[in-house]
Amino acid sequence: MPRDAVEQAERLWQERLRHGVTMPNGEQVWITLDDLYHVIVDSRIWRHPERIERAIAHVFEIRRSHSGRRQAFSEWAEGASILLASLILEPGNRLWSLHLIDARRMRRYTRRGGQVLWKRSEHR
């Protein structure tokens, strides 16, 4: 990944992410600089690091995962496209991972279970 992409992501973290990002359920998600570096390994994220904030801000469902973690699902419009993401939250609401996914993977994740802990009421 180009150095300027890392620097752009670090600026975004400094300006908007390091103090946390609020999910629609009111919970704050915390992102350390190391978490940022882990997440931007995906080229679809380092090219558009603002997707980190958008994914968190557009969470529509949170499920129980393993080892005290939670898995959150997100959907938002970006231009003419609808983007989907899966986020893993550590205990204490620290962002562990964020992956852009397709609709098929989203269906697989939501079918396979995990207790639903929160769901945005207006989401399908």
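Being a predicted model, the structure only gives us computed values, none of them experimental. (Residues numbered from 1 in each chain as written. Predicted model: local features only at pLDDT ≥ 70, side-chain atom pairs only at ≥ 80, totals over all residues. Heavy atoms only, no water.)

Details of the pairing of strand β5 (residues 81-90)
The two faces of the sheet receive side chains in turn, since in a regular strand these alternate between them.
Inference 1: Burial within β5 is extensive, with eight of its ten residues counted as buried.
Inference 2: Pairing of strand β4 (residues 70-78) with β5, which is carried by nine bridges, proceeds in the antiparallel orientation. Paired with Glu 78 across the two strands is Ser 81, which belongs to β5.
Inference 3: The loop that links β4 with its antiparallel partner β5 comprises two residues; one of these, Gly 79, has a positive phi angle of about 65°.
Inference 4: With seven bridges joining them, β5 and strand β6 (residues 94-101) adopt antiparallel strand pairing. Each bridged residue has a counterpart across the sheet, and for Leu 87 the counterpart in β6 is Leu 98.
Inference 5: Hairpin geometry of β5 and β6 is characterised by an intervening segment of three residues between the two adjacent antiparallel strands and by a positive phi of about 90° at Gly 92. (Buried < 20%, exposed > 50% of the residue type's maximum accessible area, 1.4 Å probe, protein only. Helix = DSSP H or I, 4+ residues; strand = E, 2+ residues; numbered from the N terminus. Pairing = 2+ DSSP bridges.)

Quick notes on the sheet that holds β4
Inference 1: If you trace the five strands from one edge of the open sheet to the other, you get β6-β5-β4-β3-β7, paired in antiparallel fashion. Strand pairing shows two members of the sheet lacking a second neighbour, β6 and β7 (116-119), which therefore form its edges. The average undirected angle you get between the axes of adjacent strands in this sheet is 20°.
Inference 2: Across the face of the sheet, helix α4 (residues 50-57) comes into contact with β3 (59-64), β4, β5 and β6 while running at roughly 110° to β4. (Axes fitted to C-alpha atoms, helices over the stretch in contact; angles between N-to-C directions. Contact = heavy atoms within 4.5 Å.)

Some details on the packing of aromatic side chains
Inference 1: Taken as a whole and judged by the stated rule, the model has one aromatic pair.
Inference 2: Summarising the aromatic geometry, the rings of Phe 73 and Tyr 109 are spaced 6.0 Å apart at their centres and angled 35° between planes, so their arrangement reads as tilted. Taken together, the positions of Phe 73 in strand β4 and Tyr 109 in helix α5 (residues 103-111) put the pair 36 residues apart, joining distant regions of the chain.
Inference 3: Assessed through its relative accessible area of 0%, Phe 73 is described here as buried.
Inference 4: Given a relative accessible area of 17%, Tyr 109 falls into the buried group.
Inference 5: The side chain of Arg 47 reaches across the aromatic face of Trp 46, ending 4.8 Å from its centre.
Inference 6: One Lys or Arg, Arg 69, reaches over the ring of Trp 96 and ends 4.5 Å from the middle of that ring. (Phe/Tyr/Trp six-rings, centres within 6.5 Å; stacked < 30°, edge-to-face > 60°. Lys NZ or Arg CZ within 6 Å of the ring centre and 35° of its normal.)

Focus: the pairing of β4
Inference 1: Extensive coverage of β4 is indicated by the burial of eight of its nine residues.
Inference 2: Pairing of β3 with β4, which is carried by five bridges, proceeds in the antiparallel orientation. Among the inter-strand pairings, Glu 61 is bridged to a residue of β4, identified as Phe 73.

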